[in-house]
Amino acid sequence: MVTEAAMTAGKARQTSPVPTRLKIKRLVWSVVQATLYRGSFHTWSGFRAMLLRLFGAQVGKHCTIRRTSRVYYPWNLRMGDLSCLGDHVQVYNLGTVMIGSEVSISQEAYLCAGTHDYRVREMPLLTPPIEVGDCVWICAKAFVGPGVKVGEGAVVAAAAVVVKEVEPWTIVGGNPAKFIKRREKFTS
C-alpha cells in the first residue's frame, strides 16, 4: 500500500526544479550541438569553441574540442588555454566544470557535476562543481564525480572512478581511484 507521504514525495520528484527559460535555452543548445557542432569538420575545434562561447562557455585559446564530445550546459563550462575534450567525452555539467590549461581529457571520459541528496526522501538535485587543475590528464573512460578537485599535474588512469580529491602531481587509478605513485614535475 502506498502511503500519503510516499505520494507527496513522488509528486515533488515529478516537479522539475529547472525554470522554463533554462529548459528552452537547453533545447536550443541541444539542436545546435546535434547539428552544427556535431556535423562540423573534425579539424574545426575553433568553430566548436565559438559555438560553446555563444552559449556562455569560457573557452581558452587553441583548445581542441572534438565534434563527438558533449557538453550539457555550455554556460557552466570554463576551459583554459591548450586544453582538449577528446572524442565522446561527456561533460554533464549541471554544476560548474572548470578545466585548467594544458589539460587532456581523453576519449569517453565522463565528468559528472550533478547528483542527488539520497538522505532526503525527495532526493533534491545537487550540483557540486568539478575543478581540474592545469597540466592534468584524464585518461580514456575515466569518471570524475561531483565536487571532485583534480590537482595540478595529476593523471587519472583509464577507466578510473574518481569520487574524492586527487592530490597534485599524483597518478590515481581503479574503482574507486586510489593513489598509484607520484608524477614527476616537468623539467622543461
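Quick note: structure is the one above.
The following refers to the structure shown.

Conventions used here
- Per-chain numbering applies: the sequence of each chain, read as written, is numbered from 1 onward.
- With the structure being a predicted model, the display of local features is reserved for residues of pLDDT at least 70 and the display and counting of side-chain atom pairs for 80 or more, all residues being used for whole-chain, interface and lining totals.
- The side-chain figures draw on all heavy atoms in the structure; neither hydrogens nor water molecules are used.
- Note on aromatic contacts: the rings of Phe and Tyr and the six-membered ring of Trp form a pair at centre separations within 6.5 Å, being stacked when their planes are under 30 degrees apart, edge-to-face when over 60 apart, and tilted otherwise.
- Here, a charge over a ring means that NZ of Lys or CZ of Arg falls within 6 Å of the ring centre while also lying within 35 degrees of the ring normal.
- Starting at the N terminus, helices and strands are each numbered in turn, a helix being any DSSP run of H or I of at least four residues and a strand any DSSP run of E of at least two.
- Think of it in three bands: residues with accessible area under 20% of the maximum for their type are buried, residues over 50% are exposed, and the middle band is partly exposed, with areas taken using a 1.4 Å probe on protein chains only.
- Note on contacts: a residue pair qualifies if any of its non-hydrogen atoms lie within 4.5 Å across the two residues.
- Strands qualify as paired when DSSP identifies two bridges or more between them.

So, about the packing of aromatic side chains. Enumeration over the complete set of coordinates arrives at eight aromatic pairs. Taking the ring centre of Trp75 as reference, the NZ or CZ of Lys25 above it sits at 4.3 Å. The ring of Tyr72 has Arg26 sitting right over it, with the charged end atom 3.7 Å from the ring centre.

Moving on to the environment of Leu111. For Leu111, the location among the structural elements is in strand β9 (residues 110-112). Take Leu111: its relative accessible area is 0%, and that puts it in the buried class. Along the backbone, Leu111 and Pro128 are 17 residues apart, and their C-alpha atoms lie at a distance of 12 Å. Among residues more than four places away in sequence, those in contact with Leu111 are Gln90, Val91, Tyr92, Val97, Ile99, Ile105, Ile130, Val132 and Val144.

Residue placement: Gly86 occurs in the loop between β5 (84-85) and β6 (90-92). On the basis of relative accessibility, which here comes to 7%, the residue Gly86 falls in the buried class. Sequence separation between Gly86 and Gln107 is 21 residues, and the spatial gap between their C-alpha atoms is 4.7 Å. Apart from the residues lying within four places of it in its own chain, the contact partners of Gly86 are Arg66, Ser69 and Ile105.

Pairing in this open sheet of seven strands is mixed, and the strands run β2-β5-β8-β13-β16-β18-β19 from one edge to the other. Unpaired on one side and paired on the other, β2 (64-65) and β19 (178-182) mark the two borders of the sheet.

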